Amino acid sequence: MSVRPVYLDNNATTKVDARVVSAMLPYFNEQFGNPSSMHAFGAKVGGAVRDARGKLQQLLGAEHDHEVVFTSGGTESDNAALLSALEVSPGRDEIITSAVEHPAILSMCEHLEKSRGTRVHVIGVDSQGRLDIEAYRKALSEKTALVSIMWANNETGTINPVAELAELAKEAGALFHTDAVQAVGKVPIDLKTTEIDMLSLSGHKLHGPKGIGALYVRRGVRFKSLLKGGHQERGRRAGTENTPGIVGLGVAAAIAHADLATDMAYISGLRDRLEKGLLQRIGKSFVTGDSANRLPNTSNIAFEFIEGEAILLLLNRAGIAASSGSACTSGSLEPSHVLRAMGVPYTAAHGAIRFSFSRDNSAEDVDQVLDVMPGIIERLRDLSPFWTEGGAKPATFQPTYA
Ligand code: PLP
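Quantities reported herein were computed from a predicted structural model and do not represent experimental measurements.

Caption draft 1: Inspection of the side chain of T144 at higher detail. Structurally, T144 is set in strand β5 (residues 144–148). Within polar-contact distance, the side chain of T144 engages the backbone nitrogen of S141 at 2.9 Å. Setting aside its immediate chain neighbours within four residues, T144 contacts R92, E94, I96, A139 and A174.

Printed below as a string of structure tokens:
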């Protein structure tokens, strides 16, 4: 029997909007010129790139379109921001970041620590994923080159007060970068009213294509290109532009900008309906993250005493795609670094599932999850050595976690 597919993993990636696809198509074969070329083939494409840059400017509330630098996506934008900040900040060699950042930030920080001896302050979060502001204030100093704190967390959706954090960074004379890959297109952004110096975004998280993104670099902020080569993007990103991708990202940005309020009201309605329904039907489950200050499309729910991977497999059989923060490393399932940083107990963090919505979802999708999820959880708990009726662990079974 075939099952109706339900896609609830939109923080991993989104379906490209049909309007985006049709806008991109001519730029593969009809308008194939190189935007840097001096002839008519190039000039036409150059105009389309300018147009897309303007659309990104609108979505971000940036002051100038040239503050938008096209990149290959969120990872490149994050890496470029960190490396550039260290290069343009003489006498400053420290970075401040948070324990719940995406690996695009954390792995680069680790690399910089090892390869350059950069001191990295990793600021913790509370049980809802909210940054420890006092620890942040204390870490800021005349040695801070850059602060990089994400706008919204990809696993829990928790939103950081980035405007306030950027002001504190500015007082300390440090640059402020935010990984807004999950926030752009989901929350209103008006960069010109903030002290944010750099911001990363990625096309495929907002119904645009994969392999295209942007780094916002505030006018006046010195910037060193990560890639060395040609002078594209005003010398800030070498390499012939991905013009179909840029055009597609522009259209995705324009749609997100125009429809943000209505889309997010609709999406948060679906998210809340799912959350309420699951918590009502399934005991020993709770929402992780800051419910009061969260992305409208994200719900991360921990189902205690079972493995998230097993839940995902059974959901997949029922046609439902979601995700867990666990990563299978060296044969053992490690709960996500985000939930660990939040102090979520292992027995709950292991069973955490992220449902992430988009405008493509419907109430029918929610009902399908509500229909199958209680049975899946019951079945797995029956098999779980950690579970007894009422949720207490049997005294005879003590899990050992490395
Ligand atoms: N930052 C965050 C918060 C993300 O969620 C992601 C993607 O999952 C990235 C960065 C990386 O973006 P990309 O896939 O465009 O490299």
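Caption draft 2: Representation of the environment of M150 in the model. If you trace the backbone, M150 turns up in the loop between β5 and α7 (162–171). Along the sequence, M150 and P161 sit eleven residues apart, while their C-alpha atoms lie 9.5 Å from each other. M150 has contacts with V100, E101, H102, N160, V162, T178 and D179, leaving out every residue within four places of it along the chain.

Caption draft 3: Expanded view of the sheet that holds strand β4 (residues 119–123). What the seven strands build is an open sheet, ordered β2-β8-β7-β6-β5-β3-β4; its pairing is mixed. Edge positions in the sheet fall to β2 (68–71) and β4, since each of these pairs with one other strand and no more. Geometrically, the sheet is characterised by an average inter-axis angle of 20 degrees between neighbouring strands, direction not taken into account. Relative to strand β8 (residues 213–217), strand β7 (residues 198–202) runs antiparallel, the two being bridged by five bridges. By the bridge assignment, M198 is partnered in β8 with V217.

Caption draft 4: Local environment of the site of the ligand. In the region of the ligand, 13 residues are neighbours, and T75, D179, Q182, S202 and K205 sit closest. Measuring from a nitrogen atom of the ligand, one finds a side-chain N or O atom of D179 at 2.6 Å. No other element matches helix α4 (residues 74–87), which puts three residues into the shell around the ligand. Class assignment for the residues of the shell around the ligand results in two nonpolar, eight polar and three charged.

Caption draft 5: Region of the structure containing the packing of α4 against helix α5 (residues 103–116). Closest axis-to-axis distance for the α4/α5 pair is 9 Å, and the angle between their directions is 35 degrees. Remark: the crossing between α4 and α5 carries right-handed chirality. Along the contact surface, α4 presents T75, D78, N79, L82, L83 and L86, while α5 presents A104, I105, M108, C109, L112 and R116. Residue composition of the contact of α4 with α5, grouped by class: eight nonpolar, two polar and two charged.

What counts and how
Residues numbered from 1 in each chain as written. Predicted model: local features only at pLDDT ≥ 70, side-chain atom pairs only at ≥ 80, totals over all residues. Heavy atoms only, no water. Helix = DSSP H or I, 4+ residues; strand = E, 2+ residues; numbered from the N terminus. Polar contact = N/O pair within 3.5 Å; in protein donor to acceptor, adjacent residues only side chain to side chain. Contact = heavy atoms within 4.5 Å. Pairing = 2+ DSSP bridges. Axes fitted to C-alpha atoms, helices over the stretch in contact; angles between N-to-C directions. Near = heavy atom within 4 Å. Nonpolar A, V, L, I, M, F, W, Y, C, P; charged D, E, K, R; others polar. Left-handed = near helix turned anticlockwise from the far one by under 90°.

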